[in-house]
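Structural description and commentary
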Amino acid sequence: MRRPIVAGNWKMHNTTVEARDLVTLLRPLVGTARAEVVVCPPFTAIAATVNAASGSNISVGAQDLFWEDKGAYTGEVSGPMLRDLGCRYVIIGHSERRQYFGETDATVNKKLLAAYRNKLLPIVCVGETLAEREAGHTLEVVSRQVREGLKGLESGQARDLVVAYEPVWAIGTGKTATAADAQEVIAFIRKTLGEMYGETAAAIRIQYGGSVRPENIAELMAQPDIDGALVGGASLDAVSFAAIVNYDEK
Ligand code: 13P
């Protein structure tokens, strides 16, 4: 049985004070959630967020990491640094990083291995652009991202993996994939993971992301292969994010 996982990707939002205030509001609202709850602040607010979440059921993740543990890499942040701050998760290969910062399946793979090396649990993002979808290439793109991104990962490790399917055209646009479309691609991702890892694929959690809101979460979560959500905009408001986390409490 896969425990649902709902993660908030704050992207480039929230100072230390804003992060603390948001987590302070969130704590009592998600305290009894069945789903695992994760928030992913920008690097600068990780320490404040970990502090504000201390003793609660909210885990903290980073939005990226570098693949080397230390060295002359100006501006980068490594796995040991994130562990040191109290991060449990790390998002890898978000489409915004692929689109604006040159992230490729090869860099995703190096970062994934760095996350495991440092005992950080990766949330690996995959998803097609609008042009790729319209050209009928969705499954091919997602398959390549999964196979290349996870290269070298063994089935013992794969069990701890979280994959986030985020169709790029649904991110920040208000256009959610229909629950049936999301289920179709996510079932395909699980099938691909099955070809790579056998029975372990049934234990790997796969999230949907892209304009998730309190109004659409229940239908998404009712799909058999959708195990949670990676939430952008709606995770910046405690009440909205809590309503998504508590999707099963109506
Ligand atoms: P939105 O929920 O704002 O569409 O963002 C989705 C996302 O990119 C989460 O990582």
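Everything numeric here is computed off the predicted structure, so don't read it as measured data.

Each value, and the rule that gives it
- Residues numbered from 1 in each chain as written.
- Predicted model: local features only at pLDDT ≥ 70, side-chain atom pairs only at ≥ 80, totals over all residues.
- Heavy atoms only, no water.
- Near = heavy atom within 4 Å.
- Polar contact = N/O pair within 3.5 Å; in protein donor to acceptor, adjacent residues only side chain to side chain.
- Areas by Shrake-Rupley, 256 points an atom, 1.4 Å probe, with all protein chains shown as cover.
- Nonpolar A, V, L, I, M, F, W, Y, C, P; charged D, E, K, R; others polar.
- UniProt positions renumbered as here; feature names shortened; annotations may be inferred.
- Helix = DSSP H or I, 4+ residues; strand = E, 2+ residues; numbered from the N terminus.
- Buried < 20%, exposed > 50% of the residue type's maximum accessible area, 1.4 Å probe, protein only.
- Contact = heavy atoms within 4.5 Å.

**Things to note about the site of the ligand**
The environment of the ligand is made up of N9, K11, H94, E166, A170, I171, G172, G210, S211, L230, G232 and G233. Between the ligand and N9, the relevant distance is 3.0 Å, taken from an oxygen atom to a side-chain nitrogen or oxygen of the residue. Within the side chain of H94, an N or O atom sits 2.8 Å from an oxygen atom of the ligand. For the ligand, the accessible surface in isolation is 310 Å², of which the surrounding protein chains cover 97%. For the shell around the ligand, the residue count by class is three nonpolar, seven polar and two charged.

**What about the UniProt feature "binding site: substrate" (unreviewed entry) in the protein chain?**
In the UniProt entry, the feature "binding site: substrate" (unreviewed entry) is given for N9, W10, K11, G172, S211, G232 and G233. Despite a sequence span of 225 residues, these residues sit close together in the fold, their greatest C-alpha distance being 13.9 Å. Note that W10 resides in the loop between β1 (5–9) and α1 (16–30). Among the residues examined, W10 registers a relative accessible area of 0% and is labelled buried. Contact partners of W10, with chain neighbours within four places excluded, come to A19, L22, V23, V39, C40, P41, P42, T49, Q63, S235 and L236. Structurally, G233 can be placed in the loop between β8 (228–231) and α11 (238–245).

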